[in-house]
Amino acid sequence: MTSFTGRPSVATASLLVVVLFAILDSGNTLQRDASKHKDGSTNSANALDASRLLPHFDKAASKNVTSLLGKTAYLNCKVKNLGNKTVSWVRHRDIHLLTVGRYTYTSDQRFRAIHHPHSDEWTLQIKYPQHRDSGVYECQISTTPHMSHFIHLNVVEPTTDIIGSPDLYIDRGSTINLTCVVLYSPEPPAYIFWNHNDAIISYDSTRGGVSVITEKGETTTSFLLIQRAKSSDSGKYTCNPSNAQPKSIMVHVLNGEDSPREFPAAMQHGGQAHHRSSRLYCLIFCVCLLLLSP
């Protein structure tokens, strides 16, 4: 066996030094990368925290508004982290400053700023809104430059219509079917009354055969059904929604001796009401025959 004694050669020593420095440099590089990554994460987190501390709008709680004509409207603007800044309302139609903070800067007393202490909500109240009040309103934060959120107000006036008006002619003994429709209402009417010759119709009267079906929604529909029509059922019928103007129709119940030629258009409306159930039963009967046929 051959053994090596003595000092290592110069080349061997140099090689060891180079390897040692490479290891040390690699460790320093990893440490610097880790430090940069940590610093980058810290800076990102600090930037995110700083952005959260800046004033900003809560747009989910600051939406467009549709209001009834004459009914008080509320435009809500929710601001987070307001700090020492102020919130103002500006009407875009004439670039008119309406409110600053809780103070009103317009001679129109219908406008008022509402804000409760320790609340994020800044509300613009508009009493007795008119069609001319429709448009864009700006909620503004006094930053530099200022921050803005725009809210659109739409003032609507519900309308009432009775299908078949102004006159409806019906055969005696058939069913009177009146349909009242309430349009352009942001909320369904609380109630709908039907009147006959200016008297409220009683659904449990001794006459019997009187019923009302009301379907509420974006478009509210009320159906007045009067079975076995007779001469005393003739007259003016009025649909009275709680949030819209009333609408009337004149109903004429025809006796057997009345000639249909005198009311050609009228008999068309009355015929539709009179034969609607018959057509439905005929349709059901035909479908049953088709299903039972081999």
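Structural data are supplied above this passage.
Reference entry: report on the structure contained in this document. (Residues numbered from 1 in each chain as written. Predicted model: local features only at pLDDT ≥ 70, side-chain atom pairs only at ≥ 80, totals over all residues. Heavy atoms only, no water.)

### Section: a nonpolar patch on the surface
Test applied: Exposure above 30% relative accessible area and the lack of any salt bridge qualify a residue for a patch; like charges then connect within 9 Å, and the nonpolar side chains Val, Leu, Ile, Met, Phe, Trp and Tyr within 5 Å. Where accessible areas are quoted, they stem from the Shrake-Rupley method and a 1.4 Å probe; at the residue level, only the protein chains shown are allowed to cover. For this analysis, a salt bridge means a side-chain nitrogen from Lys or Arg found within 4 Å of a carboxyl oxygen belonging to Asp or Glu. Helix numbering and strand numbering both begin at the N terminus, where a helix is a DSSP run of H or I of at least 4 residues and a strand a DSSP run of E of at least 2.
Together, Leu-97, Tyr-103 and Tyr-105 make up an exposed nonpolar region whose accessible area comes to about 360 Å². Relative to the helices and strands, Leu-97 resides in strand β5 (residues 96-100).

### Re the state of the cysteines
Heads up, the rule is: Only a pair of cysteine sulfur atoms within 2.5 Å qualifies as a disulfide here. For every residue, the accessible area (1.4 Å probe, protein chains only) is compared with the maximum for its type, and the residue is labelled buried under 20%, exposed over 50%, or partly exposed between those bounds.
What the rule picks out here adds up to two disulfides. One disulfide in the model links Cys-77 with Cys-139; its S-S distance is 2.0 Å. Disulfide Cys-77 to Cys-139: torsion about the S-S bond roughly -85 degrees, handedness left-handed. Separated by 62 residues along the polypeptide, Cys-77 in strand β3 (residues 73-80) and Cys-139 in strand β9 (residues 135-141) bring together distant segments of the chain. The burial state of Cys-77 is the same as that of Cys-139; both residues are buried. Two residues, Cys-180 and Cys-239, share a disulfide whose sulfurs are 2.0 Å apart. Here the S-S torsion is close to -80 degrees, and the disulfide linking Cys-180 with Cys-239 is therefore left-handed. Of the two residues, Cys-180 sits in strand β13 (residues 176-183) while Cys-239 sits in strand β18 (residues 235-241), which places them 59 residues apart along the sequence. Each member of the pair Cys-180 and Cys-239 is classed as buried. When the bonded cysteines of the protein chain are numbered from the N-terminus onward, they pair as 1-2, 3-4.

### Structural notes on the environment of Leu-153
For the record, the criterion: By the convention used here, residues are in contact when the closest approach between their heavy atoms is within 4.5 Å.
You can see Leu-153 is positioned in strand β10 (residues 147-156). With residues up to four places along the chain from it excluded, the contact list for Leu-153 reads Val-65, Ser-67, Ala-73, Leu-75, Ile-126, Asp-133, Ser-134, Gly-135 and Tyr-137.

### Looking at the sheet that holds β13
Worth spelling out the cut-off: Strands were regarded as paired on the criterion that DSSP finds at least two bridges between them. Structural elements are reduced to axes, namely lines fitted to C-alpha atoms, with helices fitted over the stretch in contact, and the angle between N-to-C directions of any two is expressed from 0 to 180 degrees.
A sheet is described by the order of its strands in space; here four strands give the open sequence β11-β13-β17-β16, paired in antiparallel fashion. With one partner strand each, in any of the chains shown, β11 (159-162) and β16 (210-215) form the two edges of the open sheet. Within the sheet, the average angular offset between the axes of one strand and its neighbour, ignoring direction, is 15 degrees. Two elements, β16 and strand β17 (residues 220-226), share six bridges in a ladder whose sense is antiparallel. Residue pairing for β17: Val-210 is matched across the bridge by Ile-226.

### Let's talk about unusual backbone geometry
For the bond running from Thr-144 to Pro-145, omega is -5 degrees, close enough to zero to count as cis. Relative to the helices and strands, Pro-145 resides in the loop between β9 and β10. The amide bond that connects Ser-165 to the next residue, Pro-166, takes the cis arrangement and shows omega of 15 degrees. Here Pro-166 lies in the loop between β11 and β12 (167-171). In this structure, Arg-228 is a non-glycine residue whose phi angle is positive, near 55 degrees. For Arg-228, the position within the fold is in the loop between β17 and β18.

### What to know about the side chain of Arg-91
For Arg-91, the position within the fold is in strand β4 (residues 87-91). Aside from chain neighbours lying at most four places away, what touches Arg-91 is His-96, Leu-98, Phe-111, Val-136 and Tyr-137.

### Let's talk about the sheet that holds strand β19 (residues 247-254)
One open sheet accounts for five strands, arranged β12-β19-β18-β14-β15; its pairing is mixed. In this open sheet, the two edge strands, each paired with only one partner strand, are β12 and β15 (199-200). By the bridge criterion, five bridges tie β12 to β19 in an arrangement that is parallel. Pairing of Tyr-169 across the sheet is with His-252, part of β19.

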